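Below, each chain spelled out in residue letters.
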Amino acid sequence: MVNMLKKTLALTMVCTSVMLFAACGSDSKQTVTIAHTQVESHPVHVGMVAFKNYIESKLGDKYEVLIYPEARLGANETVIKKVKDNEVQYLIVSTANLEPYDKTYALFGLPYLFSDEAVYEKFISSPKIIHMLAKDAEKNKFEPVAAFTSGTRSFYCKTPIKNLLDLQKKKVRIQAGPVNIAMILAFGAHPFPMSFSEVYGALEKNTIDCAENNEFALIDQKHGELAKYYTYDRHQMSPDFLIASRQFLSSLSADEAKIFSEAAAEAQKTEFASWHSKVALAKEEAVKMGVTFIDIDITEFKEKVLPLRNLVLEEDTSLQELYQEALNFEKQGAETK
Ligand code: GCU
């Protein structure tokens, strides 16, 4: 009996020291924290799992990658500040949320900038474009390292929108930003800027009649439970960017930096593939939820907001260079059709 007790004690001690060692081991690893607002089945999360796997397969003895989905670390508007301070190392964020820090991102708010998703995807994933967007990284304290597609944004409402008249005076949730506000006013509706996680509650309380987003928002955020009509007016193609803390990136050795940048490329490739394989399913799910999809002639929508483009470009000449690049991509797209 005494012997058995001794054995158990010895075993417990070994286990405890093994556990301590393991805990010690993981404590000594550097945590890389990633935040985003989407659910775990969303292409953004799938992309970041690929990022995590890549880093941990190459540098797993040094880094542990933790992904916080569903805005668990807070709304993107606040998490951006944490990225700047290197409290969070990576964030997936829409261009609207980046605009207050760097006006160049306002380009993506321009309605009907791209004629189709193929051109838009080529544009956002071009290394030259990311490079142009990264030019003020030092000053901004964050750097875009990968681009994720977010499809096309259209309106969805509690009542069917079949033409511009139907949209008049509707209260519409938008992402913050002067271009978004100007766009909604030009359409004749009332803009209600708020963060993504507030939209469901606002639809529920009738603070808003409509929102605008891609198809995933209907099912992942359950907006389709409350807004039953999705109208394909296709007013914006604005991506999300994976941004990294500058302070974190500059702490990496050259070899590590290369691996982190390969992981970002892996995340981008995976997000695009996941998007393309899931977007039609998202629409099917929304139909099952009772959402009606409405195809319309978008001519009058376009006419209302196209004048905005010159106004924005004249007011902010720093957008010109990127805008010209977008036009070049459009031209090349048209030539290859
Ligand atoms: C899209 C986009 C998100 C963004 C959201 C919004 O889903 O991918 O990054 O936060 O729109 O409308 O706020």
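Here, the structure is the one placed above.
Each value, and the rule that gives it
- Residues numbered from 1 in each chain as written.
- Predicted model: local features only at pLDDT ≥ 70, side-chain atom pairs only at ≥ 80, totals over all residues.
- Heavy atoms only, no water.
- Pairing = 2+ DSSP bridges.
- Helix = DSSP H or I, 4+ residues; strand = E, 2+ residues; numbered from the N terminus.
- Axes fitted to C-alpha atoms, helices over the stretch in contact; angles between N-to-C directions.
- Contact = heavy atoms within 4.5 Å.
- Core = buried A, V, L, I, M, F, W, Y, C linked by side-chain atoms within 4.5 Å.
- Buried < 20%, exposed > 50% of the residue type's maximum accessible area, 1.4 Å probe, protein only.
- Disulfide = S-S within 2.5 Å.
- Arc of directions from axis to C-beta.
- Salt bridge = Lys/Arg side-chain N within 4 Å of Asp/Glu carboxyl O.

### Some words on the sheet that holds strand E1 (residues 30-35)
Whenever strands of a sheet pair, they do so through backbone hydrogen bonds, lying parallel or antiparallel. Here we have five strands laid out as an open sheet, ordered E2-E1-E3-E10-E4, and mixed in their pairing. The outermost strands of the open sheet, each flanked by one partner alone, are strand E2 (63-68) and strand E4 (142-148). Ignoring which end each strand starts from, the neighbouring axes of this sheet average 25 degrees apart. Relative to strand E10 (residues 240-245), strand E3 (residues 90-94) runs antiparallel, the two being bridged by five bridges. Along E10, the bridge assignment pairs Tyr90 with Ala244. Strand contacts of helix H13 (residues 254-288): E1, E2, E3, E4 and E10, with the helix running at about 35 degrees to E4, the strand carrying the most contacts.

### Regarding the nonpolar core
One finds Phe123 and Phe241 to be the most contacted residues of the largest nonpolar core, which totals 55 residues. Ranked by residue count, the leading element in this core is helix H14 (residues 299-315), at five residues. If we ignore the near neighbours within four places in the chain, the residues touching Phe241 are Leu91, Ile92, Val93, Thr95, Leu98, Tyr105, Phe108, Ile130, Leu133, Pro144, Ala146 and Ala147. Formed by 25 residues, the second largest nonpolar core is a distinct cluster that contains Ile34, Tyr90, Phe148 and Leu252.

### A short note on the state of the cysteines
Under the defined criterion, the tally for this structure stands at one disulfide. A sulfur-sulfur separation of 2.1 Å characterises the disulfide bridge that pairs Cys157 with Cys210. The disulfide joining Cys157 to Cys210 has a torsion of about 105 degrees about its S-S bond and is therefore right-handed. One end of the pair, Cys157, is in strand E5 (residues 153-157); the other, Cys210, is in strand E8 (residues 210-213), and 53 residues separate them in sequence. Comparing Cys157 with Cys210 shows no difference in burial state: the two are buried.

### Focus on helix H3 (residues 76-84)
Residues of H3 that are buried: Asn76, Val79, Ile80, Val83 and Lys84. Viewed along the axis of H3, the buried residues span an arc of 150 degrees, placing them on a single side of the element. Two residues or fewer after H3 comes Asn86, characterised by a positive phi angle close to 60 degrees.

### A look at the pattern of salt bridges
Following the criterion strictly, the structure yields 14 salt bridges and no others. The partner of Arg246 in a salt bridge is Glu138, and the shortest N-O contact between them spans 3.1 Å. Within this pair, whereas Arg246 is found in helix H12 (residues 246-250), its partner Glu138 is found in helix H7 (residues 137-140), the two being separated by 108 residues in sequence. In this structure, Arg234 engages Asp295 in a salt bridge whose closest nitrogen and oxygen atoms are separated by 3.9 Å. A residue pair is termed long-range when its members are at least 10 positions apart, and Arg234 in strand E9 (residues 229-236) and Asp295 in strand E11 (residues 292-295) qualify at 61 residues. By relative accessible area, Arg234 is classed as partly exposed at 38%. Taken together, the salt bridges that share partners define one network made up of Glu40, Glu70 and Arg72.

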